[in-house]
Amino acid sequence: AARVATGRAGVRMVTPTSAGAVDVSVNSPRVIHQPKAYFTPLQTAQAFYSAWNHGDYKGAASLMTEDVSFRDINYPEAFEGRERVRAYLKQCTENLIGWQFCIDDYAEDVARGRLALRWHVNDPDGKPIALPSEGISFMVMSEDNSRIAECTDINEPFVKVPSPISGPVLSAGAAALRRMRSLAGVDSPKPTARQLAAPYSMIKTARCFYEAWNAGDADSAARCFAPDATFHDKNFAEGMRGREAVREFLDQCSVLLGELNFVIDDYAEDVSRRTLGLKWHVEDSRGRRIPVATLGTTFMKFGDDLSQIAECVDHGQPVATPPELLQMPLAGFASRAMELARRSPKLPSLPVPGVAALETDADSK
């Protein structure tokens, strides 16, 4: 699914498949940075995850700048500085037994030193672990792209809104709020967002989409999607397909969110692969961050028409997580339990939906 090659100045790297999957597991050769080499954001990320997957937390931390800011969204604050990140990675290596981080897709913005990654976690057998394990990471690199200066990791929540009730809940909530606002006489004419104009670019389309959504104009926001687009907010068990389904979802959410606005903080635009990664936050109409979960990352894919989003995956900060002191013990307990189940022939294997990251289209049919 992926082949090992030698990059510029002897840098060992893994050539990704056309689908974007990159093998950084223990089953692939270790990806190592060489001194005085030319680097790209993806090469640095590959070396980082390869070191982590091989249990070399010191090597992984060495790929961070001294003043790195590393945010695991399950913790209340970012880990500031290489030493604190090293300690965090050491805990992960000691507790997450056999877990392998697998890069599924990416948006690499070499010129701006930005990288967005979609990933999931496999067990030692190369199968997705029996927990929701997908995530999106957004990285900011050092000036020469050889070190990670900032990283925000947002994984999907363990508890999601079930598909059978997500539609009715959203619909009923939106209808109730519309009724309350109408009775209170606070409804105002829906504003119309600025229309997208040529020449098109992926970040321009994304900004137009969020501008329309923030204005409550679900029709204009939905027009930023292809007719057969897919959209998956990972707070929900399943995503949706088709522009009309996306429009209905956006309309209901805009009513429920009221005057809250999504603000793009940074982006990674990969023109050659037509992929776009976003880091964003939510604030109120006065530009103030709200005192609940406000951070998120998004990964978008485009077709030939850069004015229309073909695929969108959203990972938002969870509303509630276990206390910081319990984070690693709970993860370690889950990891050990799954490893015991994996090794024991007496225990049934746990069914995990989905297709392996490195499985080809032909293999999955």
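Residue positions are given per chain, counted from 1 along the sequence in the order it is written. Totals for whole chains, interfaces and linings use all residues, but because this is a predicted model, local features are given only for residues with pLDDT of at least 70 and pairs of side-chain atoms are given and counted only at 80 or more. Side-chain calculation: all heavy atoms of the structure are included, whereas hydrogens and water are not.

Concerning the packing of aromatic side chains
Inclusion rule: Between 30 and 60 degrees the pair is tilted, below 30 it is stacked and above 60 it is edge-to-face, where a pair is any two Phe, Tyr or Trp rings, Trp via its six-membered ring, whose centres lie within 6.5 Å. Here a helix means four or more residues in a row that DSSP labels H or I, a strand means two or more in a row labelled E, and each is numbered from the N terminus. For every residue, the accessible area obtained with a 1.4 Å probe (protein chains only) is divided by the maximum for its type, and the residue is called buried under 20%, exposed over 50%, and partly exposed between those limits.
For the structure on display, the rule yields 19 aromatic pairs. An angle of 55° between the planes, with centres 5.6 Å apart, marks the rings of Phe48 and Trp52 as tilted. A residue pair is termed a helical-turn pair when its members lie 3 or 4 positions apart in one helix, as Phe48 and Trp52 do in helix H1 (residues 41-53) at 4 residues. The two residues Phe48 and Trp52 agree in class, both being buried. Between Tyr49 and Phe101 the ring centres are 6.1 Å apart and the planes differ by 35°, which places this aromatic pair in the tilted class. Of this pair, Tyr49 sits in helix H1 while Phe101 sits in strand S5 (residues 100-109), and the two are 52 residues apart along the sequence.

Focus on the pairing of strand S12 (residues 275-283)
Each regular strand displays side chains that alternate between the two surfaces of the sheet. Here is the rule: Strand pairing follows a simple DSSP-based rule, namely that at least 2 bridges must link the two strands.
Within S12, 9 of the 9 residues are buried, leaving the element largely enclosed by the surrounding structure. The two faces of S12 match: Thr275, Gly277, Lys279, His281 and Glu283 on one face and Leu276, Leu278, Trp280 and Val282 on the other face are all buried. Sheet topology places strand S11 (residues 261-270) next to S12; 9 bridges connect them, and they run antiparallel. From the neighbouring strand, Glu269 faces S12, where its bridge partner is Leu276. Counting the residues between successive antiparallel strands, the hairpin from S11 to S12 contains 4 residues, one of them, Arg274, with a positive phi of roughly 55°.

Some thoughts on the nonpolar core
Here is the rule: Think of a nonpolar core as a cluster: buried Ala, Val, Leu, Ile, Met, Phe, Trp, Tyr and Cys residues, connected wherever their side-chain atoms sit within 4.5 Å.
Counting 39 residues, the largest nonpolar core has Phe48, Tyr49, Leu89, Leu117 and Met139 as the members making the most contacts within it. Per-element accounting of this core gives the leading share, 7 residues, to H1. One finds Ile203, Met240, Tyr267 and Val282 within the second-largest nonpolar core, a separate group that totals 32 residues.

What about the sheet that holds strand S6 (residues 114-122)?
Worth spelling out the cut-off: Residues are treated as being in contact if the distance between any of their heavy atoms lies within 4.5 Å. With axes taken as lines fitted to C-alpha atoms, and helix axes fitted only over the stretch in contact, angles between N-to-C directions fall between 0 and 180 degrees.
The sheet built from 6 strands is open, its strands ordered S4-S3-S8-S7-S6-S5 with mixed pairing. Strands with a single pairing partner mark the edges of an open sheet, and in this sheet they are strand S4 (79-80) and S5. Relative to strand S8 (residues 148-155), strand S7 (residues 135-141) runs antiparallel, the two sharing 7 bridges. Bridging from a neighbouring strand, Ile136 pairs with Ile154 of S8. The strands touched by H1 within the sheet are strand S3 (64-72), S5, S6, S7 and S8, with S5 carrying the most contacts at an inclination of about 170°. Helix H3 (residues 82-95) contacts S3 and S4 of the sheet and is inclined by roughly 50° relative to S3.

Side note on the pattern of salt bridges
What counts here: The salt bridge criterion pairs a side-chain nitrogen of Lys or Arg with a carboxyl oxygen of Asp or Glu, the two atoms within 4 Å.
If you walk through the whole model with that rule in mind, you get 19 salt bridges. Put simply, Asp304 and Arg274 hold a salt bridge, and the shortest N to O gap is 3.6 Å. Of the two residues, Asp304 sits in the loop between strand S13 (295-302) and strand S14 (309-316) while Arg274 sits in the loop between S11 and S12, which places them 30 residues apart along the sequence. Note on Arg274: relative accessible area 32%, which makes it partly exposed. Between Glu339 and Arg343 there is a salt bridge, with the nearest N and O atoms lying 2.7 Å from each other. Of this pair, Glu339 and Arg343 both sit in helix H8 (residues 324-343), separated by 4 residues, roughly a single helical turn. For Glu339, a relative accessible area of 9% translates into the label buried.

Concerning the confidence of the model for the chain
Close inspection of predicted coordinates is inappropriate in any region flagged by low pLDDT. Under the convention used in this document: Along the chain, pLDDT gives the predictor's confidence residue by residue, from 0 to 100.
Put simply, the chain has an average pLDDT of 80, and 76% of its residues get 70 or more. Every residue in residues 1-18 scores below 50 in pLDDT, and together they form 43 contacts with partners more than four places removed in sequence or on other chains. Low pLDDT, under 50, characterises residues 186-191; the stretch is placed with 10 contacts to residues that sit more than four places away or in other chains.

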